[in-house]
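Listed below, chain by chain, are the residues.
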Amino acid sequence: MDSAAVEIDGSVMEGGGQILRVSAALSCITGTAIKIAKIRAGRSSPGLRPQHLTGLQLVSDLCSGGLQGASIGSTDISLTPGKIRSGNHTADTTTAGSVCLLLQVALPCALFADGVSQLCLKGGTNAEMAPQIDYTLKVFKPIVEKFGVHFDCNIRMRGYYPKGGGEVAVTVNPVKELQPVTMTERGTIAKIYGRAFVAGVLPFKLAKDMSAAAVRTIRKEIKELYINIQPLQEKEKAYGNGNGIIVIAESSTGCLFAGSALGKKGVYADKIGIEAAEMLLRNIRHNGCVDEFLQDQLIIFMALAKGTSRIRTGTVTLHTRTAIHIAEQLTQVRGHGHDNIANANVSFY
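Residues numbered from 1 in each chain as written. Predicted model: local features only at pLDDT ≥ 70, side-chain atom pairs only at ≥ 80, totals over all residues. Heavy atoms only, no water.

- Under an unreviewed UniProt entry, the name given to the protein chain is RNA 3'-terminal phosphate cyclase, and the organism recorded is Nothobranchius furzeri.
- UniProt, in its Sequence similarities (unreviewed entry) section for the protein chain, records the words "Belongs to the RNA 3'-terminal cyclase family. Type 1 subfamily."
- The record held by UniProt for the protein chain lists under Catalytic activity (unreviewed entry) the comment "a 3'-end 3'-phospho-ribonucleotide-RNA + ATP = a 3'-end 2',3'-cyclophospho-ribonucleotide-RNA + AMP + diphosphate". (UniProt positions renumbered as here; feature names shortened; annotations may be inferred.)

1. As for the overall build of the protein chain
Alright, step 1. Assigned secondary structure in the protein chain consists of 8 helices and 18 strands.
Alright, step 2. In terms of C-alpha radius of gyration, the protein chain reaches 20 Å, essentially the compact-globule figure of 20 Å for 349 residues.
Alright, step 3. Each principal axis of the C-alpha distribution contributes one length, and for the protein chain these read about 60 × 45 × 40 Å.
Alright, step 4. Burial status across the protein chain gives 55% buried among its 349 residues.
Alright, step 5. In the protein chain, the share of contacts with a sequence separation of at least 24, taken over all contacts with a separation of at least 6, comes to 72%.
Alright, step 6. When the accessible area of the protein chain is evaluated, it comes to approximately 14,300 Å², of which 50% is carbon and sulfur surface. (Helix = DSSP H or I, 4+ residues; strand = E, 2+ residues; numbered from the N terminus. Rg over C-alpha atoms; globule rule 2.2 N^0.38 Å. Buried < 20%, exposed > 50% of the residue type's maximum accessible area, 1.4 Å probe, protein only. Contact = heavy atoms within 4.5 Å. Areas by Shrake-Rupley, 256 points an atom, 1.4 Å probe, with all protein chains shown as cover.)

2. Observations concerning the sheet that holds strand 14 (residues 256–262)
Alright, step 1. The mixed open sheet is built from 4 strands, whose spatial order is 11-10-13-14. Each edge of the open sheet is held by one strand with a lone partner, namely strand 11 (227–234) and strand 14. Put simply, the sheet's adjacent strands are angled 15° from each other on average, direction ignored.
Alright, step 2. Two elements, strand 10 (residues 189–199) and strand 13 (residues 242–251), share 10 bridges in a ladder whose sense is antiparallel. Its bridge partner lying in strand 13, Lys 191 is registered against Glu 250.
Alright, step 3. Sheet strands touched by helix 5 (residues 204–221): strand 10, strand 11 and strand 13. Its angle to strand 11, the strand with the most contacts, is close to 165°.
Alright, step 4. Sheet contacts for helix 6 (residues 269–285): strand 10, strand 13 and strand 14; angle to strand 14, the most-contacted strand, approximately 155°. (Pairing = 2+ DSSP bridges. Axes fitted to C-alpha atoms, helices over the stretch in contact; angles between N-to-C directions.)

3. Topic: helix 2 (residues 50–62)
An α-helical turn contains 3.6 residues, so a residue and the one three or four places further along point in the same direction.
Alright, step 1. End to end, helix 2 covers 18 Å across 13 residues, agreeing with the expected 18 Å (1.5 Å per residue, within 8%).
Alright, step 2. Burial within helix 2 is extensive, with 10 of its 13 residues counted as buried.
Alright, step 3. Among the residues of helix 2, Gln 51, His 52, Leu 53, Thr 54, Gly 55, Leu 56, Leu 58, Val 59, Ser 60 and Leu 62 are the ones counted as buried.
Alright, step 4. Tucked into the core, helix 2 has its buried residues touching helix 1 (17–30), strand 3 (66–68), strand 4 (77–80), strand 5 (87–92), helix 3 (99–111) and strand 6 (117–123).
Alright, step 5. Within two residues after helix 2, Ser 64 carries a phi angle of roughly 45°, on the positive side. (Expected span 1.5 Å × (residues − 1).)

4. Considering the sheet that holds strand 8 (residues 166–173)
Alright, step 1. With mixed pairing, 5 strands are arranged side by side in an open sheet as 5-6-8-7-12. On the outer flanks of this sheet lie strand 5 and strand 12 (238–239), each paired with one strand and no other.
Alright, step 2. Packing of helix 2 onto the sheet brings it into contact with strand 5 and strand 6, and relative to strand 5 it is tilted by some 165°.
Alright, step 3. Helix 3 rests against strand 5, strand 6, strand 7 (150–159) and strand 8 of the sheet, and its axis sits at about 165° to strand 6.

5. Quick look at the UniProt feature "domain: RNA 3'-terminal phosphate cyclase insert" (unreviewed entry) in the protein chain
Alright, step 1. Mapped onto this numbering, the UniProt entry annotates "domain: RNA 3'-terminal phosphate cyclase insert" (unreviewed entry) at residues 184–284.
Alright, step 2. Between the C-alpha atoms that bound residues 184–284 there is a distance of 14 Å. The span itself is 34% helix and 38% strand.

6. Describing the nonpolar core
Alright, step 1. By size, the foremost hydrophobic cluster in this structure holds 100 residues, and its most contacted members are Leu 121, Phe 147, Phe 151, Ile 192, Ile 245 and Phe 301.
Alright, step 2. Element by element, the count of residues in this core is highest for helix 3, at 10 residues.
Alright, step 3. Discounting chain neighbours no more than four positions away, the residues touching Leu 121 are Leu 58, Ala 91, Val 99, Leu 102, Leu 103, Gly 166, Glu 167, Val 168 and Val 170. (Core = buried A, V, L, I, M, F, W, Y, C linked by side-chain atoms within 4.5 Å.)

7. Observations regarding the environment of Val 12
Alright, step 1. Here Val 12 shows up in the loop between strand 1 (6–9) and helix 1.
Alright, step 2. On the accessibility criterion, Val 12 (23% relative accessible area) is partly exposed.
Alright, step 3. Through-space distance from the C-alpha of Val 12 to that of Glu 224 is 44 Å; in sequence the pair is 212 residues apart.
Alright, step 4. Filtering out sequence-adjacent residues up to four positions away, Val 12 remains in contact with Ile 19, Thr 322 and His 325.

As structure tokens, this is what we get:
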């Protein structure tokens, strides 16, 4: 192992898969070898899970890298990156592991390739403990485009827990450099919309119940807006059974916020709708410009942009503080996060 490798403690702060994703992507982009120890040490099933392993293999493939220690359950890996290669890259979690988390690790790398990259990502599109693909496309994508990031994503098949079987095709255009972004004025909430879906053998009534419960919950707090949450039956482009909902709020200045939830066996549809609505309401009460899920996903782009980005948030999450910590270890960036500020060539406040 190269003695110049940066050693990362995988158990620090949030201590989860996000440390792997940010570290591996920044290793690939900066050309810095890394050694990560104590991966997910505090989790109930420590070490690499299939989705983390697949993500590391994808980055290694993208940067023609040398990857050691990468197997299920491993708590120590090292990555020695080479040159970032454009072209076709495929990653398959073979489980319901999230394609959105695979995109989180691969997208920043593909931006710095020498040409267009085509990523074929397989696993769960609407999975627990991860953004739903609808969040990635409707909230993450428009905001990350402000940095100069351009990608297209075609949902070929939706996949749910526990079977997976989903597939997305992503085309990423390379950039010379990323622009810094300032988002400090939220304005007023102008629109609320979303989708409530059922797939497979689940009855359409569940989608209508989730939608109605979410609308009722939001109405208690926001009376003046028309709320359009479309109930949908996923037809041919869905593998397996699933149900869920995402509700998005858009502000007058173009800020986006979301609340979402997935159905579980034995949980009433109303409860799923209420959970998503309450999550959305919680994220628009704080007057910040991003929700609690987007803030940590933006850190790597803030760190890579030329110049200082400033984004107003609600309370800075542990995930966000962890991402800033890793970015500081692998780049020249410095982050300032008061409670509700991050400055890391990055300012959050």
